[in-house]
Amino acid sequence: MLKVAIAEDDFRIAQVQERFLQEIENVKVVGKALNAKEAIEMLEQEPIDLLILDIYMPDEMGTDLLPRIRERFPKVDVIVVTAATERDILERCLRNGVVNYLIKPVKMESFIEAIEGYQKKRSLLQARDEVDQSFVNSYFGYDKQQSPVEKVLPSGIDGITLKQVKAILKGLTEGITIEEMGKKMGVSRTTARRYLEYLVSVQECHVQYDYGIVGRPERKYHLT
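Since the structure is predicted, the reported quantities are computational estimates derived from the model, not experimental observations.

## Observations regarding the UniProt feature "modified residue: 4-aspartylphosphate" (unreviewed entry) in the protein chain
Under the UniProt annotation, the feature "modified residue: 4-aspartylphosphate" (unreviewed entry) is placed at D54. Topologically, D54 is positioned in the loop between β3 (50–53) and α3 (62–72). For D54, a relative accessible area of 3% translates into the label buried. Ignoring sequence-local partners within four residues, the contact set of D54 consists of A7, E8, D9, G62, V81, T82 and K104.

Here is the structure:
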């Protein structure tokens, strides 16, 4: 279970982010802070894996808070979600080890994609005691062994995840719904839909409607 905390001074945005996180499998929101002081107190009290951090906090800039987090809580990863577009702020965040940087307003799909990408990398790393260069290349996204097809995949479609989706589909005879695919992949319905609809768009998958249940028919996806 990934334990996530939110440090955001606008409670409405924090609520939206919490709803986004609830769409993702194996994620638990363990706390929310409205300022830098509360963020530090939260980190002291709760075991947290990932902090969603705003830059413009009322009592302290997130860029000033980051070095303190790195020093006192070295195992906490940080994804910045901010309206800040200045290059120097991005540079300061990168130097302090943020794992992603999202510029507001952030669409749900982009937010979920960032969290699930982090989950995937974290799981890959935790599964290894030792790494080789091939693993490192794959981890940082510049694997030279990628096929030409994988290199031209659209934004939001990862080659490894796409292979996983195809493998799941190959093992099925009656097709699969978006919700079922999400559970098998351990991802949100939004992400499962994105991959299934991509396969439909490239004609590797087709949709059939199941009218067996009273009410709205279910969309079921089959490999072509």
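Having seen the model, we can carry on.
## Things to note about the UniProt feature "domain: Response regulatory" (unreviewed entry) in the protein chain
Look at the UniProt record and you will see "domain: Response regulatory" (unreviewed entry) annotated at residues 3–119. The straight-line gap between the two end C-alpha atoms of residues 3–119 is 11 Å; of that span, 46% is helix and 22% is strand.

## Thoughts on unusual backbone geometry
With an omega of -5°, the peptide bond between K104 and P105 qualifies as cis. Looking at the element boundaries, P105 is found in the loop between β5 (100–103) and α5 (108–126). Of note, the phi angle at N26 is positive, near 60°, even though the residue is not glycine. Tracing the backbone through its elements, the reader meets N26 in the loop between α1 (11–22) and β2 (27–33).

## A short note on the sheet that holds β3
With parallel pairing, the five strands of this open sheet are ordered in space as β2-β1-β3-β4-β5. The strands lining the two open edges of the sheet, one partner per strand, are β2 and β5. Between one strand axis and the next, the sheet turns by 20° as a mean value, whatever way the strands run. Looking at chain direction, β3 and strand β4 (residues 77–82) are connected through four bridges and run parallel.

## What about the packing of helix α8 (residues 159–170) against helix α10 (residues 189–201)?
Look at α8 against α10: their axes get within 10 Å of each other, and the N-to-C directions meet at 80°. Put simply, α8 runs roughly perpendicular to α10. Across the interface between the two elements, T161, L162, V165, K166 and L169 of α8 pack against Y195, L196, Y198 and L199 of α10. Looking at the contact of α8 with α10 residue by residue, the class counts come to seven nonpolar, one polar and one charged.

## Some thoughts on the side chain of E116
Among the structural elements, E116 can be located in helix α5. At 4.8 Å, R194 is the nearest oppositely charged side chain to E116, a buried residue that forms no salt bridge.

## Details of helix α2 (residues 36–45)
Inspection of α2 places A36, A39, I40, M42 and L43 among the buried residues, and these make up the whole buried set. Buried positions in α2, seen along its axis, are confined to an arc of 160° and lie on one side of it. Facing away from the buried surface of α2 by more than 90 degrees, the exposed residues are K37 and Q45. For α2, the side-chain oxygen to backbone nitrogen distance between the N-cap and K37 is 3.2 Å, and the N-cap itself is N35.

## Here we look at the packing of aromatic side chains
In this structure the tally under the stated criterion is three aromatic pairs. Here Y139 and F140 contribute two aromatic rings whose centre-to-centre distance is 5.2 Å and whose plane-to-plane angle is 80°, an arrangement assigned as edge-to-face. Following the ring pairs from residue to residue traces out a cluster consisting of F135, Y139 and F140. The ring of Y139 carries the charged tip of K121 above its face, separated from the ring centre by 5.0 Å.

Calculation criteria
- Residues numbered from 1 in each chain as written.
- Predicted model: local features only at pLDDT ≥ 70, side-chain atom pairs only at ≥ 80, totals over all residues.
- Heavy atoms only, no water.
- UniProt positions renumbered as here; feature names shortened; annotations may be inferred.
- Helix = DSSP H or I, 4+ residues; strand = E, 2+ residues; numbered from the N terminus.
- Buried < 20%, exposed > 50% of the residue type's maximum accessible area, 1.4 Å probe, protein only.
- Contact = heavy atoms within 4.5 Å.
- Pairing = 2+ DSSP bridges.
- Axes fitted to C-alpha atoms, helices over the stretch in contact; angles between N-to-C directions.
- Parallel < 35°, antiparallel > 145°, perpendicular 65-115°, else oblique.
- Nonpolar A, V, L, I, M, F, W, Y, C, P; charged D, E, K, R; others polar.
- Lys, Arg positive; Asp, Glu negative; His and termini not counted.
- Salt bridge = Lys/Arg side-chain N within 4 Å of Asp/Glu carboxyl O.
- Arc of directions from axis to C-beta.
- Polar contact = N/O pair within 3.5 Å; in protein donor to acceptor, adjacent residues only side chain to side chain.
- Phe/Tyr/Trp six-rings, centres within 6.5 Å; stacked < 30°, edge-to-face > 60°.
- Lys NZ or Arg CZ within 6 Å of the ring centre and 35° of its normal.

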